[in-house]
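# Residue-level structural notes
Listed here are the chains, written in short residue letters.
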Amino acid sequence: MSEYKAPLRDMQFVLKELAGLDNIAKLPGCEEVTAELVDQILEESAKFASGVLSPLNKPADEEGSKWENGEVRTPKGFKEAYKQFVAGGWNALQAPAEYGGQGLPKTVSTPVIEMWKSANLSFSLCPMLTAGAVEALLLRGSEQIKDRYVRKMVDGTWTGTMNLTEPQAGSDLALVKTRAVREGDHYRIYGQKIFITYGEHDLAENIVHMVLARTPDAPEGVRGISLFVVPKFLVGRDGSRGARNDVKCASIEHKLGIHASPTAVMIYGEKEGALGQLVGEENRGLEYMFIMMNAARFAVGMEGLALAERAYQQALGYAKERIQSRDLAGGGKPVPIIRHPDVRRMLMSMKAQTEAMRALAYVVAAAMDEAHHYPDKEGRARNQAFVDLMIPIVKGWSTETGIDVASTGIQVHGGMGFIEETGAAQYLRDARITSIYEGTTGIQANDLVGRKIAREGGATAKEVTNAMRAVEAQLGSAAGEDMAEIRAAFSAAITAAEECVSWIVVTYGNDIKAVHAGAVPFLKLMGIVCGGWQMARAALVAQRRLSEGKGDKSFYEAKIKTARFYADHLLTQAPALRNAIVRGAAGVMALAEEQF
Ligand SMILES: Cc1cc2nc3c(=O)[nH]c(=O)nc-3n(C[C@H](O)[C@H](O)[C@H](O)COP(=O)(O)OP(=O)(O)OC[C@H]3O[C@@H](n4cnc5c(N)ncnc54)[C@H](O)[C@@H]3O)c2cc1C
């Protein structure tokens, strides 16, 4: 198994040349972000990821987290790594300075988080959940709640969780049954939650659960759900840790992947009721969750990218070492398998898709910062609309692609990929959950076609395809065969996306099922085209830098060739997907249920 090495060169290229780090540094509130500071943060984070987190990835997968009598023991080395993680200030990266955080823009925290997820996905989930809980508390918690909880969660003394899912309420949270009964200034919570990531563990002194529940007189459905903060140990007004609350971990799941991350069944109120406090107002819990959803879905999208990178590194290392079969061009001795065209094809597809996912994710991260900090309201709204459209794409496309890339990584290894020893199999097992939690791909696709496209008549999607057409025009005036071929494939792919957007807008009102039948293929098409958009921009920058004679020649040449590969092999899939989307519904819906 190879140890993770952060792809700093590509990260810096994407940050500076595609995501516009310079522009982010000019935004009000982001002035402290200098290129030197960012380089320093990335280098330190890379050291932590490869030196501390990566070596634990495989042994922790083999050992797994263990449950005994309501307690969970994380694998050997996790406690020490967590101590180092918080001592290094990594837990405080994104939180605001007034709560002890570093308040770094999303554009900077995104590559850092990619590194942790590549190095050790199971470990990374704990701080990710804590950051989500902190965001919820900052967003809607009262001053008193914020004072009690946020600082200790930011400095890592306590961790956070998200408790949404119940046995009968997964994608459909309208079915949540957990009860919350008011008692003075607090509530007593009763119910069962399942699949709660880091619901119980031994890394921190307390666990702060964010719990969705219903009050007795709440309306049915999504409008009757409230959000509560329920700690494992009660917390005094001064923030001190008190008695054990009536919440316990009944068991943890045995899973396909992320073995080191405990996935807990949580029981609230088995005795006198778990004490919790309301966050915000009653019956608005799901609305608050939706505000946070962008950040959480984006973070899971990053997991697809992160595991694709890790799987690529592993496969590349193996392909250079494994000797098998002679070179097609002749020669007597067997050669490293990287010399065989089909192995190169697999490696190129892994590399090209990983770079495309990274480019799109960082560009969206920059738009998140602009949506937050842009000086005028119009600029903030424009960026927010772009972010809203892109989130289901980053989440759905990157996780599905991450699974494909991890699977290709196994293929590169041949039989050794199927054997656990090499580590290649773990990446596929770990990647498999990413397209399920935080909303399945089907749910992301429904969001994309319904809330993000049909509801606004495709307005933002059209702005995005117009921006793509501008890049296409630049490719048209760039010299060379590579640019011409990229332009041709990109042009046809944009047309496919435009036609699908128009079809969705027209069809949604009169045949909603037809649109939803093609929703996941459409999400895939949009991912491929948006990834191609960023790869085309990357190729243009690389060509410019080469003509200026500046920088790393080999990197820029490789970037152009990788963009060309992406155009030939990925962008060309878009027109076929278009046909499946606009014509495919008949086949999807044809059989009666008993004919299956
Ligand atoms: C390892 C792990 C960790 C998790 N961590 C957490 C956590 O920390 N906190 C938490 O609250 N939850 C967590 N979850 C729960 C996770 O978010 C849910 O599993 C997920 O939302 C899907 O719900 P479900 O499993 O009930 O599947 P279902 O909702 O039953 O879905 C089954 C299938 O039906 C499809 N489907 C359902 N509704 C629709 C629809 N309207 N349109 C089209 N297709 C549809 C889905 O796409 C899927 O293919 C975790 C789950 C796992 C496995």
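Here, the structure is the one placed above.
## Overview of the overall build of the protein chain
In terms of helices and strands, the protein chain carries 20 helices and 14 strands. For a compact globule of 596 residues, the expected C-alpha radius of gyration is about 25 Å, and the protein chain comes in at 24 Å, within 12% of that figure. Its C-alpha atoms give the protein chain principal-axis dimensions of roughly 75 × 60 × 55 Å. Taking all 596 residues of the protein chain together, the buried fraction comes to 56%. Partitioning the intrachain contacts of the protein chain with sequence separation of at least 6 by distance along the chain shows that 74% fall at a separation of at least 24. Working note: accessible area of the protein chain is about 24,400 Å², and carbon and sulfur atoms make up 52% of it. Charged side chains of the protein chain number 68 positive and 72 negative; the gap between the two group centres comes to 2 Å.

## A closer look at the site of the ligand
Around the ligand there are 19 residues in total, and Thr 165, Ser 171, Phe 195, Thr 197 and Thr 440 lie nearest to it. Take Phe 195: an N or O atom from its main chain is 2.8 Å from a nitrogen atom of the ligand. Burial of the ligand by the surrounding chains reaches 62%, relative to a free accessible area of 970 Å². Those elements that provide at least two residues to the shell around the ligand are strand 3 (158-163), strand 5 (186-197) and helix 13 (441-453). The dominant element in the shell around the ligand, judged by the number of residues it contributes, is strand 5, at three residues. Looking at the shell around the ligand residue by residue, the classes come out as nine nonpolar, eight polar and two charged.

## Notes on the side chain of Ser 226
Within the fold, Ser 226 resides in strand 7 (residues 226-231). Residue classification places Ser 226 among the buried residues on the basis of a relative accessible area of 0%. Of note is the side chain of Ser 226, whose polar atom sits 2.7 Å from the backbone nitrogen of Asn 283.

## A look at the pairing of strand 11 (residues 263-268)
Burial of strand 11 is extensive: six of the six residues sit out of reach of the surface. Side-chain alternation along strand 11 places Thr 263, Val 265 and Ile 267 on one buried face and Ala 264, Met 266 and Tyr 268 on a second face that is also buried. In the sheet, strand 5 pairs with strand 11 via five bridges, with the strands oriented antiparallel. Bridge pairing links Thr 197 to Thr 263 in strand 11. Of the strand pairs in this sheet, strand 10 (residues 247-252) and strand 11 are connected by five bridges, and their pairing is antiparallel. Note that in strand 11 the partner of Val 247 across the bridge is Tyr 268.

## As for the state of the cysteines
Counted according to the given criterion, the structure contains zero disulfides. For the unlinked cysteine Cys 500, the closest cysteine sulfur is that of Cys 530, found at 13 Å.

What counts and how
Along each chain, residues carry numbers from 1 onward, in the same order as the chain's sequence is written. The predicted origin of the model limits local features to residues at a pLDDT of at least 70 and limits the giving and counting of side-chain atom pairs to 80 or more, whereas totals for whole chains, interfaces and linings rest on all residues. Side-chain measures were taken over the full set of non-hydrogen atoms in the model, leaving aside hydrogen atoms and water. To qualify as a helix, a DSSP run of H or I must reach at least 4 residues; to qualify as a strand, a run of E must reach at least 2; elements of each kind are numbered from the N terminus. With C-alpha atoms as the basis for the radius of gyration, the globule rule is written as 2.2 Å multiplied by the number of residues raised to the power 0.38. Type-normalised accessible area, obtained with a 1.4 Å probe on protein chains alone, sets the label of each residue: buried when under 20%, exposed when over 50%, and partly exposed for intermediate values. Contacts: residue pairs with any heavy atoms within 4.5 Å of one another. What sets the accessible areas is the Shrake-Rupley method with a 1.4 Å probe; for residues, cover comes only from the shown protein chains. For this count, His and the chain ends are skipped, Lys and Arg are scored as positive, and Asp and Glu as negative. Note on charges: their place is set at NZ of Lys, CZ of Arg, CG of Asp or CD of Glu. When at least one non-hydrogen atom of a residue lies within 4 Å of a molecule or strand, that residue is treated as near it. In protein, a polar contact means a hydrogen-donor-capable atom and an acceptor-capable atom, both N or O and within 3.5 Å, with residues adjacent in sequence counting only if both atoms are side-chain atoms; elsewhere, any N or O pair within 3.5 Å suffices. Gly counts as polar in this scheme, as do all residues outside two lists: the nonpolar Ala, Val, Leu, Ile, Met, Phe, Trp, Tyr, Cys and Pro, and the charged Asp, Glu, Lys and Arg. For two strands to be treated as a pair, DSSP must find at least two bridges joining them. For the purposes of this analysis, a disulfide is any pair of cysteine sulfur atoms at a distance within 2.5 Å.

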